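Given next are the chains, with one letter for each unit.
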Amino acid sequence: MQAKKLRELLNDKNIICAPGAYDAWSAKLIADAGFPAVYMTGYGVSASVLGQPDIGLIGMSEMANAAGNIAHAAKIPLIADADNGYGNTLNVIRTVQAYERAGVAAIQIEDQVMPKRCGHMEGKELISQDDMVAKIRAAVYAKQCADTVIIARTDARAVHGFADAIARAQAYVAAGADVIFFEAPASIEEMREVRRLLPVPLLANMVENGKTPLLSLQELEQLGYNIAIFPASLLYAATKAVSELLGSLKTNGTTKMSLDNMVDFPTFNKMIGVQEYRDLEKSFSK
């Protein structure tokens, strides 16, 4: 159902804004704020689940479990980072089917080697174009739901240059990718050229202080992009807020000075749905 909804959103002229969730609660907040889709960030999940960087340490089962929690909490289309499929073509098949069972609407696979790196980090290495084409074909084959969206990400821009990245993206489209995630274009001019050369929906990755210009949704829509993800924004904001509160508590021995920066107990209980669960519990005792 959510995959079909995402397909419908892609057919609309309006850009899809999908903020990044790193757990179920951040995903619920995104949905409650009225966004049409949510993006599960491997960068954020690795930090949230492992407390470690996005350098290929987290595995498929951990990511699929996180995706299931996020999909259930958000109840809007989930675009999910599946890294490099966690292995060869057979691993890609297992990954796609596990993500579909978790409720994922769109599955993103990239052309990095194992262990992979975050797209805006240095030191990335790529598999061959032919090997990635095989992975895309395997992902398309593995789909149990015809509406599931396959997103092919290429990190070639930062490794081999713009021309190679375009050639790879075109090959991935020919292999059956529904959306291209052209990672880390270095300028607005490059983003325009990506749009001109690729005849499929495009995803823009808006990472604060990353390699790509940080543009507004309106600017991205004018450039012809169809999806905009803000994968780390909530993670960075939460990290700053929590760190500041902890610093204040350590210094002052109380949280009284931080009350204005918190929701209160009743508000949080309302946001998380305590009353609805109590009402549901009581309904079985009538």
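The following paragraphs examine the structure supplied in this document. Numbering of residues starts from 1 in each chain and follows the order in which that chain's sequence is written. pLDDT decides what is reported in this predicted model: residues at 70 or higher carry local features, side-chain atom pairs at 80 or more are listed and counted, and totals for whole chains, interfaces and linings draw on all residues regardless. To get the side-chain values, take all heavy atoms of the structure and skip hydrogens and water.

Right, let's get into the sheet that holds strand E8 (residues 227-230). Each pair of strands is called paired provided DSSP finds at least two bridges between the two strands. For the purposes of this entry, the term helix denotes a DSSP run of H or I that reaches at least four residues, the term strand denotes a run of E that reaches at least two, and both are numbered from the N terminus. Pairing in this closed barrel of eight strands is parallel, and the strands run E1-E2-E3-E4-E5-E6-E7-E8 around the ring. Neighbouring strand axes in the sheet, compared pairwise and without regard to direction, differ in orientation by 25° on average. Fitted lines through C-alpha atoms give the axes, limited to the stretch in contact for helices. The angle between two N-to-C directions lies from 0 to 180 degrees.

Now for unusual backbone geometry. The residue Asp83 is not glycine, and still its phi comes out positive at about 50°. Among the secondary structure elements, Asp83 is positioned in the loop between strand E3 (78-81) and helix H5 (89-102). The backbone phi angle of Tyr86 is positive, close to 65°, even though this residue is not glycine. The residue Tyr86 is located in the loop between E3 and H5 in this model. Buried, partly exposed and exposed residues are distinguished by accessible area as a fraction of the type maximum, computed with a 1.4 Å probe on protein chains only: under 20%, between the cut-offs, and over 50%, respectively. Overall, Tyr86 belongs to the buried group, its relative accessible area being 13%.

Another point: the pattern of salt bridges. For this document, the term salt bridge refers to a Lys or Arg side-chain nitrogen within 4 Å of an Asp or Glu carboxyl oxygen. Going through the model one piece at a time under the given rule, you end up with 10 salt bridges. Across the salt bridge formed by Asp32 and Lys28, the nearest N and O atoms sit 2.9 Å from each other. In this pair, Asp32 and Lys28 both sit in helix H2 (residues 24-32), four residues apart, roughly one turn of the helix. The salt bridge involving Arg153 is made with Asp155; its shortest N-O contact spans 2.8 Å. Take Arg153 and Asp155: they sit in the same class, and that class is buried.

Given a helix with a known number of residues, its expected span is that number minus one, times 1.5 Å. For helix H4 (residues 60-74), which comprises 15 residues, the first-to-last C-alpha distance of 21 Å matches the rise-based estimate of 21 Å (1.5 Å per residue) to within 8%. Within the sequence span of H4, burial applies to Met60, Met63, Ala64, Ala66, Ala67, Ile70, Ala71 and Ala74. Along H4, the residues classed as buried sweep out an arc of 160° about the axis, all on the same side. Exposed residues lying more than 90 degrees from the buried face of H4 are Asn65 and His72. It only takes one pair of heavy atoms within 4.5 Å for two residues to be counted as in contact. Considering only its buried residues, H4 is in contact with strand E1 (16-21), H2, strand E2 (38-40), helix H3 (42-50), E3 and H5. Picture the helix axis, draw a direction to every C-beta atom, and the arc is the one those directions span.

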